[in-house]
Amino acid sequence: MFSETAHARIQANSEEFRGGASRACEETEAGSAPEVFDMAAEEAKQVTILAVDCGMKNNIIRYFVESLRVKLIVVPWDYDFTQDEFDGLFLSNGPGNPLKCEVTIGHVREVMLRRPTLPIFGICLGNQILGLASGATTYKMKFGNRGMNQPCVDMRTTRCYITPQNHGFAIDNASLSDGWMPLMINANDGSNEGTGAGPRAKYTFCVGG
């Protein structure tokens, strides 16, 4: 059963993880201290995921901890995690221009160089941050992709998914570095909704942003 202590901590910190870091990402304010959410002590072997909060929704924390049953370390956008130990890196969603997150981009780039096989997953702003860290460029969309019914095509299978989205910036597919590829493409405007590199590492998506 899910740890009541961890559940209480998620509830108690609901305001802290309601997007404050994303505002700091644009205003270059100092972030808060890391917060650890984990399961009960009987879990013998837990996967440790470090999540960079750029405006992360509370339900993402709950899903990681309650459903995936991982040890989740949530850090603010400006936290230097390059020396920390973790099994996977998660880059959260958040509003605004990804170019304003220069500190986060630098940390992600350094981790990619030091640990090239580390699994990295990002959504929305996290997708764009990872793209910038890999050497790609982003651009401001004319209207953005917003709403509950955005069609996204998985380029590996050509299957189309209907997704909720809310982002006004996108990765330029033509700027992707060697070894990187578009994974998801918006069927309406052809914009990038996800990128990938390698058979196991670094998959990112804009869906749900």
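Please refer to the structure placed before this passage.
Conventions adopted
Residues numbered from 1 in each chain as written. Predicted model: local features only at pLDDT ≥ 70, side-chain atom pairs only at ≥ 80, totals over all residues. Heavy atoms only, no water. Buried < 20%, exposed > 50% of the residue type's maximum accessible area, 1.4 Å probe, protein only. Helix = DSSP H or I, 4+ residues; strand = E, 2+ residues; numbered from the N terminus. Arc of directions from axis to C-beta. Phe/Tyr/Trp six-rings, centres within 6.5 Å; stacked < 30°, edge-to-face > 60°. Disulfide = S-S within 2.5 Å. Salt bridge = Lys/Arg side-chain N within 4 Å of Asp/Glu carboxyl O.

A. Seen up close, helix α3 (residues 58-67). Residues of α3 that are buried include every one of Asn-58, Ile-60, Ile-61, Phe-64 and Val-65, and no others. The buried residues of α3 occupy one face: seen down the axis, they fall within an arc of 165°. Note on α3: the residue one or two positions beyond its end, Arg-69, has a positive phi of about 55°.

B. Spatial organisation of the packing of aromatic side chains. Summed over the entire model, instances satisfying the criterion amount to three aromatic pairs. A centroid spacing of 5.1 Å and a plane angle of 70° characterise the contact between Phe-64 and Phe-90, whose relative ring orientation is edge-to-face. Here the residue Phe-64 occupies a position in helix α3, and Phe-90 occupies one in strand β4 (residues 88-91), the gap between them amounting to 26 residues. The pair Phe-64 / Phe-90 is uniform in exposure class, with both members buried.

C. Expanded view of the state of the cysteines. The final tally for this structure, using the stated rule, is zero disulfides. With no disulfide of its own, Cys-152 lies closest to Cys-160 among cysteine sulfurs, the gap being 7.2 Å. What makes Cys-152 buried here is its relative accessible area of 0%.

D. Structural view of the side chain of Thr-48. Structurally, Thr-48 is set in strand β2 (residues 48-53). Judged by relative accessible area, Thr-48 falls into the buried class, the value being 13%.

E. Structural context of the pattern of salt bridges. Counted according to the given criterion, the structure contains two salt bridges. Notably, a salt bridge pairs Arg-114 with Glu-110, separated by 2.6 Å at the nearest N-O pair. Residue Arg-114 and its partner Glu-110 are located together in helix α4 (residues 102-114), separated by four residues, close to a single helical turn. For Glu-110, a relative accessible area of 28% corresponds to the partly exposed category. The shortest N-O distance in the salt bridge between Arg-156 and Asp-154 comes to 3.0 Å. Accessibility expressed as a relative area gives 6% for Asp-154, which makes it buried.

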